[in-house]
Amino acid sequence: MKTWFLDFWREREEVLKRTNQLRLRPLQLKRLLGDSSVRTELQNARLASLLPPVGTEVFRSFTPASLQDIKQRHEAKETERQKRTNKDVEKELHKQATHLEAGKPLPYILGDPPPELLNCPLEELDPFYQSQKTFIVLSEGNVLHRFNAESSCFLLCPFSCLRTVAIRILLHSLFRLFIMVTILTNCGFMMMSGRPTWSRTAEFVFSAVYMFEVLIKIMSRGFCVGRFTFLRDPWNWLDIVVVITAFLPEFLDLEKVSVLRTIPRALKIIAVYPGVKSSAGALVQSVKRLAGVIITTVLVISVLAVIGQQFFFGALRHKCVWMLSHSNWTYNDLISYHDNGTDSSDFDFHKFINSHENQYYLSGHRDPLQCGNGSDAGACPPGYICLRTDTNPDYGLTNFDWFGSSLLSLFRLMTHDTWDYLLEQMMRSAGKFSVIFVLFVFCGGFCLLILVLAGVAMALVEQEKAGVAEARRTEEEFLHILDVMKKKEEEEEEEPQDDQRLSPPCCLSVWTWNCCGCWRWLKLRLNGIVMNPFFDLVIVICLILNCILMAMEHYPMTMEFEYLFNVTSLVFTGIFTVEMLLRLVAMNPYGYFRVGWNVFDSIIVALSLVELGLADIEGVSGAGVDLMRVLRLARWWSTFHMLMKIIWTSVLALRNLTLILLTMVFIFTIVGMQLFQDDYTDHVCRIAADCQLPRWHMNNLFQAFVLIFRIFCGEWIESMWDCMEVSSPSVCLIFFIMVLVIGHLLVLNLFLVLLLSLVGDDLVAPKEKIKNNPMIAVDQIKTGVAWTRTWILEHIWTLVGKKNPIIPPHKVVNSKEDNKKDYLGLTSVTSDQPLSESKALGSNHGNQTSKYTFQRVPVADAEVELDMPGKEEEEQKQDEENKTPRNNTPEDCCCDSCYRCCPFLDIDTSQGSGRVWSNFRRVCFSITQHKYFDAFIIFIILLSSAALVLEDVHLQQRQLVQMLLDKADQVFTFIFLLEMLLKWIALGFRKYFTSVWCWLDFLILSVSLMPLTLGMLGYSELGAGLSLRTLRALRPLRALSRFQGLRLVLNTLGATFPSMCDVMLVCLLVWLIFSVLGVNLFAGKFYHCFNATEQFLPEEVNNKSDCLSLIHENFSDVSWKNKKLHFDNVAAGYRSLLQVATFNGWLEVISSAVDARQIESQPVYESNVYMYVYFISFIIIGCFFTSNLFIRLFIKSLDQLRHKFGGKHFFMTDEQQNFSISVKKLFSTKRPSVPRPHNQCQARLFDLVTKHSFEVVMVIVICLNTVTLMVETDEQSQEKEIILEGIYFVFIIIFLTEFLLKIIALRHHYFCDCLNVLDFVVIFISIMGLLLSDIMQFYFIHPKIFTLLRLARITRIIHLVPYTRGIRRLFLAFVMSLPALFNICLLLFLLMFTFSVFGMLSFAHARMNDMFNFETFLNSMICMFTITTMVGWDHVLSPILNTPPDCDPDSGDCVHPTVGIIFFTSYITLSLLLVVLLYTAVVMETLNMYDTETPSDKDLQMFYKTWRRFDPDTSQIIPYSQLSDFCDALQDPLRIPKPNTIKLIHMDLPLLPGDKILCVDVLSALTARISGDGGQTHTLTARMEERFTINNVSKMSYEPISSTLQRKQEEVAAAVIQKAYRKHLLKDRAADEMTAEPAGGAAAV
């Protein structure tokens, strides 16, 4: 499979990097400008055509004579245009040179202009504009600016001094800096809440500056007449808006509309610098390319909203109401209320049930408890009844009563913002079937998210394609210029290059410290020490120990521990200070400070020493300095260094995109504060009973910024509810949706660009791993340990009196060189063996049962290294071969060492009891290898897993079921034990215990046997026995080895496991920094005085002493307690940061931090609001950048695996790959055209129904039908229902008429189209539902199902949307990746199932929510499903963390908190890994398959024309040596650019006699490369023979004798054999010389 997406970005990085380095030396540039012979050879080059004639200056001042020449050329061109025809004019029409566009730097071929010509008008360089009235100006950096040569505003000619000065001012960098400072100062005034009295004067100053800028631009460019005038640039319209809005408040009272002044002024930050402006333009263009994705997203969400509207009309209105015994209220009142919605007595029943005093509220909840009347819906507590009220939850904004609110709820589900609360509300009101709807919504949301991600990525590719193509052409032309210049410079010497990096001798002597010989001797000795690898290893160990020391800080610490802690910290400070001094003396200051890491180390040491000097000052902490030492590990840790490189890249390389993101955050903050500041102040009592501002508001600048950041993190719905209560609902809705959509789009773009920014350097695996000093030191230690071990063993054998053990001879190949080489598996193929069987490389090495014999040989030095399948694929193939019973001869039971130690185990199997044992093993082997045996075991695994589902909290009340489950558990365990014994006998211990899957089965079986054994011994009720019974939940994991798709996913995860562990360690290290910082900031500050009902105010209880005083006064309800989430130690800090990272319970952590004051002091509401900065920094660094690093390395591992397996899908089995290919063929195959009927009436109907306009009309009708469903509401009037039923009947008539017209016109061909079949089914069910609605409603299904089926017809709109061609391709690619999605989802489901059973067996009795708990398997699965989306797990974990007195140990609802923390942390980690794998794999598969396509006739025409250039005789064959040039000469999508040797070898093309390559073989291989389907040879051959004339050659000459891959193997093998033979000869020659040396020596004596 062609990984075109990553290959494109890798090629982009390489091409742009090379292009930016293209430069001509001054001598070459001089020859290019002055040598006419060189210009003659380059006359067809595009860049060379920009040069002026030989002998003329490149840069010429723009004078009146120049303007006169332009007018003459313009008149001559117009005269010539009139003489020629339009076609001739179009042929000779010049195009604008892309290298000389305005805003770009000058191309290298023109050189640098003289300094005196900068910022001065110059003549045009682009031939396209030389006949037009324009001139150019070059600013600093040789940036080109183009101006009209006409008079500016009909007043200022190009030579006017005033216009010249205006141009110089406009292009000067100080003017741009002045405007930027003005904008930033103006933004600073915008951030001020209370405006000073002189703010009006400041506004006039700002307006004057903006007016001055506009005047300068108009004077220099002109106003509107001309191409390069002021108004022709859309960014200048922003200046007009700024000026107009500056004076509007003087004439109009804008009120809230005054925000229109804020937005354009802030956007001017983007418009000031060209780079930021171009990045913003690229973002706008990417949004345009996402039009199809946006339309599809809106369409799908609307359809889902209508479905939710139809299912949950009024469901959320049901509340628990108090059953009050009223003298005037009887049961008939309740019946009358439900029947008629009115009451019949004097008692106001409607007012009673809607009164908040009569509704049941849970503690801490804003809305009353919801309920439902279904069997699985939420129940009311005793004394309350579930009734329908008038209000909906969340200020009445969460409901499905009409389309708008349903759409908002669906959007909330899509964005995963507190969707667990919405699911709980739906389950309480409508039952647990709501989970099915939510799951369906999530599936749709997942598909849409994949399309959005792929669409954004494709938009990035489309933006970069033109630039990459231009850079490639520029590089090719540069190489062509160099080739021409090289011919002229063959006899000339190169100019010497001066090294200007050296410091002057006087300065250099000051920093080298070479004062005397003793000092130089000391420097030499110290240099040997600091350059020793063990020196760096010791420093790394000290840094790790320092990290461990920082992690040991906790609250409260004893005096002794605190003293040891401080002393140890001083010791480390001394160690690092000594290290700096040693390096400084050894390397001298000049050498020391030239290394960036040394500068960083010296800064840390200096800050540490300063911190020691300020240690006695209160409030000064050195924790930050100590934490900076952790960053030093990045010097030797490549993954950590990559994280810092990612952060630096976002700041430097992606500064334009980052600045746009920050600008938008600032704009949203200012706009939000100006729109809603007064509303929060005036109407706060609507959202708070105490009339106090909530934590999340926009009453001031900082709070508004924090709220905007929260929306960017994905939490927006709760803040929007508050905003809609205190301000205009429509304004709040628009504002919050815009912030959410624009913010997420910007963050997604930044994330993807950051992810792909270093793809060229990151995804290319290095050929040789460079080891740093600590790694070298570790290798030396290993070597020393190995030598010591060998030395000890030799002396032991000598003392024992035995000979030394036989040491296997070393390989001939040098070990140092051998470590740098890959290996190839060479197959000994017999003459009758098919060629296809010899293509498996590197498989089954050393396997004696294999059909072929393999050897391991190294690649020769001069050969190209090939990536071959690794160990994972070998094990997979070996396991598959082991399952295939080639024969019934089992292998040896034990390993060779066992037979040597215990000779009695080696028995003769040819006679006697040994023969009986051998036959018994053969029988067992045949049984275990039979397919029905595997099927039976799978059935037992599924049955045992189903039995675990029944062990819920109600099992103790079902004694019979419990007894049956216990017996079944014993039977299952016995069957699995029997299976293991059979495999032991059949496979032997050696083979059984060398398989990972068998080890998994063995461990799970051992866990199942232990509780049974304890039960037989009478210890089943002990804690150990109960814990082991809980571990039976691991039994479903036995299914992992039985399904090939799961094994593929696990093999992939196993292959990526080392890199994932590396990045996880980096993430833990980054989190350690923030956790230690959190301990220093918040340790001991989250404690508070609390009673049973509320928390005391600081005026009542100020600190711990006051609280203890209340406790001593016999206030039993008062307690001094800590929050469950705190930072008293690093472990607790990790847990708190995990909740912040997953945005679950993070608001509680942030609230506690913001309220914290001092240690053992009562918290005060928002006493330290700037602690928000700590958590914002963690989210950016610890979440955003680390997740980028995680996904980057994950993609790197997947890309390396894909290249390693030759592009094979490592998430799909062979059958699934065939399914993907079949799906592609199904969608790619064009439907056969329906023949026009001969009957005249049918023919006219045929013409009618096949017209495009007819389809458009029907789609409009379908949309109107959908709109009728949208306008339905919960409490609609009877008249509205009658009207809607009439409209529904009309639609049925229209669709029935359409069906009759089509069935008459198309005849039986009508049912050949799947959309027509869908229409027929919908019409039939709609008519049946209309006729039999009452019967079907009573006996079968709800009639709303028929209504919803009408929505399926809306899929026909896809064919009429002009932007959906790309969407269809993306959707097809997504469908082709569904098998990979299925395998990963199956593994995720198995993980959810296992943890659900474990949670049910462990936490069933914990006090949890009645909807989210572990009492039953269904509830456990719902909990695991919500936790998989990283939502709601804090509410499930919180009851598990309870300790007495918050829980009752006697009732069993107390669970050990450590078990709960391990359970949730492990599941979150594993599920997050699988979810990331799911998204990454599916997006990569979608992107890679997006480019797969069958070659069109145009591509075949191009292929054949290129082939004829290499095969002029049309023999259909070319030499293999020309294949590389031929593939490079093709055009996309068939082209394989050079270097392409390895790719061509992997294509495994058949070789004909004489090393020839057949045309059809090449075309088939290229097609398979771009489409993933190699079975199109016959189709392509037929198409070529049909379209082109090909001379048929005898098929005997087409018989292949070899292949490119086999030939490469033969060449590598020959080279290896030759190399080994040469070394053997050299070794023999050296031995002969050593033998002859004593004789020569004796003769000499």
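Residues numbered from 1 in each chain as written. Predicted model: local features only at pLDDT ≥ 70, side-chain atom pairs only at ≥ 80, totals over all residues. Heavy atoms only, no water.

### Here we look at the overall build of the protein chain
Note the cut-off: Secondary structure counts use DSSP, requiring at least four H or I residues in a row for a helix and at least two E residues in a row for a strand, with both numbered from the N terminus. Exposure categories follow from relative accessible area, calculated using a 1.4 Å probe and restricted to protein chains: below 20% of the type maximum is buried, above 50% is exposed, and the middle band is partly exposed. Contacts are assigned to residue pairs that have any heavy atoms within 4.5 Å of one another. Each accessible area is a Shrake-Rupley result for a 1.4 Å probe, and residues are judged covered by the shown protein chains and nothing else.
Secondary structure assignment for the protein chain yields 62 helices and 13 strands. Within the protein chain, the fraction of its 1645 residues that count as buried is 47%. Nonlocal contacts in the protein chain, meaning residues at least 24 apart in sequence, comprise 75% of its contacts between residues at least 6 apart. Carbon and sulfur atoms provide 63% of the accessible area of the protein chain, an area that totals close to 84,300 Å².

### Quick word on the side chain of Ser 1197
Note on placement: Ser 1197 falls in helix α44 (residues 1172–1204). We classify Ser 1197 as buried; its relative accessible area is 9%. Filtering out sequence-adjacent residues up to four positions away, Ser 1197 remains in contact with Thr 1056 and Ser 1059.

### A word on the environment of Gly 314
Position of Gly 314 relative to the elements: it lies in the loop between α12 (291–311) and β4 (318–322). Taking C-alpha positions, Gly 314 is 9.3 Å from Thr 389, a pair spaced 75 residues apart along the chain. Ignoring anything within four residues of it in the chain, the contact list for Gly 314 reads Arg 388, Asp 401 and Asp 1274.

### As for the packing of helix α22 (residues 559–592) against helix α23 (residues 596–613)
Convention followed: Axis geometry follows a simple rule: fit a line to the C-alpha atoms, using only the stretch in contact for helices, then measure angles between N-to-C directions, giving values from 0 to 180 degrees. Any angle that falls under 35 degrees is termed roughly parallel, while one over 145 is termed roughly antiparallel, one within 65 to 115 roughly perpendicular, and all others oblique. Should the near helix be turned anticlockwise from the far one by less than a right angle, the crossing is left-handed, and should it be turned clockwise, the crossing is right-handed. Residues were grouped as follows: Ala, Val, Leu, Ile, Met, Phe, Trp, Tyr, Cys and Pro as nonpolar; Asp, Glu, Lys and Arg as charged; and all remaining residues, including Gly, as polar.
Orientation of α22 relative to α23, taken along the N-to-C sense of each, is 135°, at an axis distance of 10 Å. For the element pair α22 / α23, the angle class is oblique. In this structure, α22 meets α23 at a crossing whose hand is left-handed. Residues Leu 570, Thr 573, Phe 576, Thr 577, Glu 579, Met 580, Arg 583, Met 587 and Tyr 592 of α22 form the contact with α23, whose participating residues are Asn 598, Asp 601, Ser 602, Val 605, Ser 608, Leu 609 and Leu 612. Looking at the contact of α22 with α23 residue by residue, the classes come out as eight nonpolar, five polar and three charged.

### Structural notes on the packing of aromatic side chains
Both the distance between ring centres and the angle between the ring planes are used here to describe each pair of aromatic rings. Selection rule: The rule is short: rings of Phe, Tyr and Trp, with Trp giving its six-membered ring, pair when the centres are within 6.5 Å, and they are stacked under 30 degrees, edge-to-face over 60, tilted in between. To sit over a ring, a charge needs its Lys NZ or Arg CZ within 6 Å of the ring centre and within 35 degrees of the ring normal.
Tallied over the entire structure, the rule returns 72 aromatic pairs. Ring geometry for Phe 1403 and Phe 1414: centres 5.8 Å apart, planes at 65°, overall edge-to-face. Taken together, the positions of Phe 1403 in helix α53 (residues 1378–1403) and Phe 1414 in the loop between α53 and α54 (1417–1428) put the pair 11 residues apart, joining distant regions of the chain. Here Phe 1403 matches Phe 1414 in class, with each residue buried. Measuring from ring centre to ring centre gives 6.1 Å for Phe 1414 and Phe 1463, while their planes differ by 85°; the resulting arrangement is edge-to-face. Of the two residues, Phe 1414 is situated in the loop between α53 and α54 and Phe 1463 in helix α56 (residues 1457–1490); the sequence distance between them amounts to 49 residues. One aromatic cluster in this structure is built from Trp 1071, Phe 1074, Phe 1082, Phe 1086, Phe 1127, Tyr 1174, Phe 1175 and Phe 1178. Over the aromatic face of Phe 147 sits the side chain of Arg 221, whose NZ or CZ is 4.4 Å from the ring centroid. A cation over an aromatic ring shows up here: Arg 710 above the ring of Trp 696, its NZ or CZ 4.7 Å from the ring centre.

### Regarding the pattern of salt bridges
Defined as follows: What counts as a salt bridge is simple: a side-chain nitrogen of Lys or Arg found within 4 Å of a carboxyl oxygen of Asp or Glu.
One pass over the structure, following the stated rule, counts 37 salt bridges. For the salt bridge of Arg 317 with Asp 1274, the shortest nitrogen-to-oxygen distance reads 3.2 Å. Here the residue Arg 317 occupies a position in the loop between α12 and β4, and Asp 1274 occupies one in the loop between α47 (1252–1270) and α48 (1278–1306), the gap between them amounting to 957 residues. Here the salt bridges share partners, and the residues they tie into one network are Asp 536, Glu 579, Arg 583, Asp 601, Arg 632 and Arg 635.

### Comments concerning the packing of helix α8 (residues 199–221) against helix α9 (residues 234–247)
Helix-helix packing: each pair is described by the crossing angle between the helix axes and the interaxial distance. Running from N to C, α8 and α9 cross one another at 145°; their axes reach a closest spacing of 10 Å. The element α8 and its partner α9 pack so that their crossing is left-handed. On α9, the residues touching Ser 207, Tyr 210, Met 211, Glu 213, Val 214 and Lys 217 of α8 are Asn 236, Asp 239, Val 242, Val 243, Ala 246 and Phe 247. Grouping the constituent residues of the contact of α8 with α9 by class yields seven nonpolar, two polar and three charged.

### Side note on the pairing of β4
Put simply, the test is: Note on pairing: two strands pair once DSSP finds at least 2 bridges between them.
With four of its five residues buried, β4 lies for the most part within the structure. Pairing analysis gives five bridges linking β4 to strand β5 (residues 384–388), with the strands arranged antiparallel. Bridge pairing in β5 links Lys 319 to Leu 387.

### Here's the deal with the state of the cysteines
What counts, and what does not: When two cysteine sulfur atoms lie within 2.5 Å, the pair is treated as a disulfide.
Following the criterion strictly, the structure yields six disulfides and no others. Bridging Cys 320 to Cys 380, the disulfide has an S-S length of 2.1 Å. An S-S torsion of about -95° defines the bridge between Cys 320 and Cys 380 as left-handed. Of this pair, Cys 320 sits in strand β4 while Cys 380 sits in the loop between α14 (349–353) and β5, and the two are 60 residues apart along the sequence. For Cys 320, a relative accessible area of 0% translates into the label buried. Using a relative accessible area of 22% as the deciding quantity, one classes Cys 380 as partly exposed. Each disulfide in the protein chain links cysteines that, numbered along the sequence, combine into the pattern 1-3, 2-4, 5-6, 7-8, 9-10, 11-12. With no disulfide of its own, Cys 153 lies closest to Cys 224 among cysteine sulfurs, the gap being 8.1 Å. The exposure class assigned to Cys 153 is partly exposed, which follows from its relative accessible area of 33%.

### Some thoughts on helix α21 (residues 533–551)
The condition that has to hold: What a helix should span is 1.5 Å times the count of its residues minus one. In protein, a polar contact requires one atom able to donate a hydrogen and another able to accept it; more generally it is a pair of N or O atoms within 3.5 Å, and residues adjacent in sequence count only if both atoms are side-chain atoms.
The terminal C-alpha atoms of α21 lie 27 Å apart, and with 19 residues this matches the ideal 27 Å at 1.5 Å per residue to within 8%. The set of residues buried in α21 consists of Pro 533, Phe 535, Asp 536, Leu 537, Ile 539, Val 540, Cys 542, Leu 543, Asn 546, Cys 547, Leu 549 and Met 550. You can read the cap of α21 off the contacts: a side-chain oxygen lies 2.9 Å from the backbone nitrogen of Phe 534, and it is on Asn 532.

### Some words on the sheet that holds strand β2 (residues 134–139)
Strand order in this open sheet of three strands is β1-β2-β3, and the pairing throughout is antiparallel. Strands at the two margins of the open sheet, each flanked by one partner only, are β1 (121–122) and β3 (143–148). Looking at chain direction, β2 and β3 are connected through six bridges and run antiparallel. Each residue of the ladder has a partner; that of Phe 135, found in β3, is Phe 147. Sheet strands in contact with helix α6 (residues 161–171) are β2 and β3, and its direction is about 145° off that of β3.

### With respect to helix α28 (residues 717–726)
Judged by how many residues are buried, α28 sits mostly within the fold: eight of 10 residues are covered. Residues of α28 that are buried: Ile 717, Ser 719, Met 720, Trp 721, Asp 722, Cys 723, Met 724 and Val 726. Those residues of α28 that are buried lie in contact with α15 (393–396), α16 (403–415), α26 (655–682), α27 (701–712) and α29 (729–757).

### Some remarks on a negative patch on the surface
Note the cut-off: Only residues whose relative accessible area exceeds 30% and that take part in no salt bridge are eligible for patches, with like-charged residues grouped when within 9 Å of each other and nonpolar side chains (Val, Leu, Ile, Met, Phe, Trp, Tyr) grouped when within 5 Å. Counted as positive: Lys and Arg. Counted as negative: Asp and Glu, with His and the chain ends omitted from the count. Taken as the charge location is NZ of Lys, CZ of Arg, CG of Asp or CD of Glu.
Among the surface-exposed residues, Asp 892, Asp 896, Asp 906 and Asp 908 lie close enough to one another that they form a single negatively charged patch. Relative to the helices and strands, Asp 892 is located in the loop between α33 (871–883) and α34 (896–901). With relative accessibility at 42%, the residue Asp 892 sits in the partly exposed group.

### Brief notes about the side chain of Thr 245
Assignment of secondary structure puts Thr 245 in helix α9. In this structure Thr 245 comes out as buried when scored by relative accessible area, which is 8%. Looking at Thr 245, its side chain comes within polar contact range of the main-chain oxygen of Val 242, at 3.1 Å. If we skip the residues at most four places from it in the chain, Thr 245 touches Leu 260, Arg 261 and Pro 264.

### What to know about the confidence of the model for the protein chain
Convention followed: Each residue carries a pLDDT score, the predictor's confidence in it, ranging from 0 to 100.
Per-residue confidence for the protein chain averages 78 on the pLDDT scale, and 80% of its residues sit at or above 70. Note that residues 1637–1645 has pLDDT below 50 and, in this model, zero contacts with residues that lie over four places away or in other chains.

### A word on unusual backbone geometry
Following Tyr 555, the chain continues to Pro 556 via a peptide bond in cis, the omega torsion being -5°. Assignment of secondary structure puts Pro 556 in the loop between α21 and α22. One non-glycine residue, His 416, adopts positive backbone phi at about 60°. By the secondary structure assignment, His 416 is in the loop between α16 and α17 (419–430). Of the residues examined, His 416 reaches a relative accessible area of 29% and is grouped as partly exposed. A positive phi angle is found at Met 1430, which is not glycine, with a value near 60°.

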